[in-house]
Amino acid sequence: MSFVGDAHVRFIRKLNEKKETFEYVATEHLRMSGLYWGLCALDIMGTPLSQEEIDGFVQWILSCQNEDAGFGGSPGHDSHLLYTLSAIQLLAILGHLEDLHNPERVAQYVAALQHPDGSFGGDRWGEIDTRFTYCAACCLGLLHHLELINVDQAVEFLRRCMNIDGGFGSCPGAESHGGQIFCCVGALAIFNRLDALDQDLLGWWLAERQTDLGGLNGRPEKEPDVCYSWWNLTALAIMDRVPWIDPDALAGFILACQDREEGGISDRPEDEADVYHTFFGIAGLSLLGKCDLPNKINPVYAMTERVLARYHVDPAPHKKPRTPGPGSRPDQAAPPPPPSS
Ligand code: FPP
Ligand code: ZN
């Protein structure tokens with residue numbers, strides 16, 4: 001089955017015009033993330049935006065920033081890590097990260113959400129979730145300010161969220177779930193701490209998520225869903241284990257979820273398309289290297305490699321040689337300096 005990219009571009013562009021619909025009003029609180037899904041999908045497909053569109057989006061994004069330096073999902077909404085990350089990603093995609101007012105204060109807003117046990121709250125009310133550890137890691141990685149948080153404690157918290165199946169849940173003791181696994185593996189990659197994983201065990205659990213239809217599910221016994229072509233596949237990609245699944249079967253499943261007339265991708269074949277599954281379907285195809293998509297998505301930062309290059313962000317932080325910190329085991333110590341003559 002072929003990829004109907006032109007229809008998807010039309011589908012995404014139309015979403016911004018549907019301002020009178022119930023759906024538009026009902027999703028106001030998460031508009032920032034909706035815009036990120038749409039614009040990142042257009043970026044993967046290499047669709048150019050006009051200068052007028054870019055300026056309009058940048059102005060709208062900046063209008064969602066609050067006094068505390070964080071961003072809400074729409075103007076006038078309270079700050080949250082989910083939308084602060086989407087805002088930073090969007091400004092970078094649009095080539096306007098330079099317009100972020102006082103990036104140090106934004107980074108400090110993010111860092112201040114870390115709790116003494118290493119976890120992160122999503123906002124000042126403090127709900128804890130491994131999603132927020134990923135958001136913080138990604139924001140600070142993009143802004144080059146990881147030094148503001150206690151990375152060892154953050155890793156320790158993630159270790160406490162690891163289950164005996166090698167996967168991760170939203171908090172200690174919670175069931176393993178593909179979405180949370182992306183968050184934990186992505187954060188550990190940004191921290192260059194993949195040593196905290198049992199990569200073979202987790203790789204097996206993820207590979208077992210492929211169903212007879214070719215699509216991946218997020219937990220055992222669940223239906224396949226296009227978005228897990230992102231959540232699960234990124235973790236496999238970061239651990240260099242994509243060949244553990246059947247990539248052709250997965251691509252076939254994603255392509256079967258396209259609305260070939262109206263554009264967009266749904267969670268399962270024959271369901272209604274939405275921008276969330278459209279983005280994750282296209283991102284999954286990009287990760288699989290299918291359909292000749294021009295701009296490759298990066299599995300760690302969930303943005304295209306070209307955007308990361310523009311802002312000098314290492315696309316594979318987990319592959320850098322590690323300099324051991326204080327308290328490292330002797331077998332991880334740096335080699336002694338060469339003898340002086
Ligand atoms: C499942 O969503 C997904 C998760 C729990 C992970 C969400 C991760 C983030 C919000 C971090 C930021 C992500 C990116 C890509 C930058 P769901 O339960 O809503 O999905 P479903 O109902 O369709 O299975
Ligand atoms: Zn889904």
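Our subject is the structure that appears above.
Numbers given for residues are sequential positions, taken from 1 along each chain in its written order. Numbering of ligands from 1 and lettering of chains from A proceed in the order in which they are written. Per-residue local features are limited, in this predicted model, to residues with pLDDT of at least 70; the limit for side-chain atom pairs, both in listing and counting, is 80 or more; totals at the level of whole chains, interfaces and linings are taken over all residues. With hydrogens and water set aside, each side-chain value is computed from the structure's full complement of heavy atoms.

## A few points about unusual backbone geometry
Not every positive phi belongs to a glycine, and N102 is a case in point at roughly 50°. With respect to the secondary-structure elements, N102 resides in the loop between α5 (81-93) and α6 (103-111). The backbone phi angle of H144 is positive, close to 60°, even though this residue is not glycine. Secondary structure is summarised from DSSP: a helix means a run of H or I of at least four residues, a strand means a run of E of at least two, and numbering begins at the N terminus for each.

## Some points on α5
Counted at 1.5 Å a residue, the expected span for α5 with its 13 residues is 18 Å, and the 18 Å between its end C-alpha atoms agrees. Partly exposed residues are those whose accessible area sits between 20% and 50% of the maximum for their type, while under 20% is buried and over 50% is exposed, using a 1.4 Å probe and protein chains only. Every buried residue of α5 is listed here: L81, Y83, T84, L85, S86, A87, I88, Q89, L90, L91, A92 and I93. The contact rule is simple, with two residues in contact once any of their heavy atoms fall within 4.5 Å. Elements that come into contact with the buried residues of α5 comprise α3 (31-44), α4 (51-62), α6, α7 (130-142), β2 (303-304) and α14 (305-310). Trailing α5 by a residue or two, G95 shows a phi angle of about 75°, which is positive. To estimate the expected span of a helix, subtract one from its residue number and multiply by 1.5 Å.

## As for the nonpolar core
Burial of nonpolar side chains together is a common tendency in soluble globular proteins. Note on terminology: a nonpolar core comprises buried Ala, Val, Leu, Ile, Met, Phe, Trp, Tyr and Cys residues joined through side-chain atoms within 4.5 Å. The biggest cluster of nonpolar side chains holds 114 residues, and the ones touching the most others in it are I61, L142, W230 and F279. Excluding residues within four positions of it along the chain, I61 makes contact with M32, L35, F71, A87, L90, L91 and L94.

## Overview of the coordination of the zinc ion (ligand 2)
Only nitrogen, oxygen and sulfur atoms qualify as donors, and only when within 2.8 Å of the metal (3.2 Å in the case of Na, K and Ca); with water excluded, sites may look incomplete. The zinc ion (ligand 2) binds to the protein through D225 (OD), D225 (OD), C227 (SG) and H277 (NE2), with metal-donor distances spanning 2.1 to 2.5 Å. All donors to the zinc ion (ligand 2) come from one chain, and their sequence spacing reads D-x1-C-x49-H. A residue pair is termed long-range when its members are at least 10 positions apart, and C227 in the loop between α10 (199-207) and α11 (228-238) and H277 in helix α13 (residues 275-288) qualify at 50 residues. H277 carries the same exposure label as C227, and that label is buried.

## A closer look at the side chain of Q114
Looking at the secondary structure, you find Q114 in the loop between α6 and α7. Side-chain polar atoms of Q114 contact the backbone nitrogen of N150, separated by 3.0 Å. Among residues more than four places away in sequence, those in contact with Q114 are S119, F120, I149, N150, Q153 and A154. Pairs of N or O atoms are called polar contacts if they sit within 3.5 Å, as long as, within protein, a hydrogen donor faces a hydrogen acceptor (for residues adjacent in sequence, only side-chain-to-side-chain pairs).

## Description of the site of ligand 1
Here a residue counts as near a molecule or strand whenever at least one of its heavy atoms sits within 4 Å of it. Near ligand 1 lie 19 residues; those nearest to it are Q180, D225, Y228, W231 and Y276. One of the side-chain nitrogen or oxygen atoms of Y228 is found 2.8 Å away from an oxygen atom of ligand 1. Shrake-Rupley sampling with a 1.4 Å probe provides the accessible areas, and residues are treated as covered by the protein chains on show and by no other component. Protein contact buries 72% of the 640 Å² of open area that ligand 1 shows by itself. For the shell around ligand 1, the secondary-structure elements that each account for two or more residues are α5, α7, α9 (178-190), α11 and α13. No other element matches α9, which puts 4 residues into the shell around ligand 1.

## Some points on the pattern of salt bridges
Put simply, a salt bridge is a Lys or Arg side-chain nitrogen that is within 4 Å of an Asp or Glu carboxyl oxygen. Counting across every chain of the model gives 15 salt bridges. Taking the shortest distance from any N to any O, the salt bridge between D129 and R131 comes out at 3.2 Å. Look at D129 and you get buried, because its relative accessible area is 6%. Judged by relative accessible area, which is 29%, R131 ranks as partly exposed. The closest approach of N and O atoms between K319 and D240, which form a salt bridge, is 3.3 Å. Placement of the pair is K319 in the segment after α14 and D240 in the loop between α11 and α12 (247-256), with a sequence separation of 79 residues. Of the residues examined, D240 reaches a relative accessible area of 52% and is grouped as exposed.

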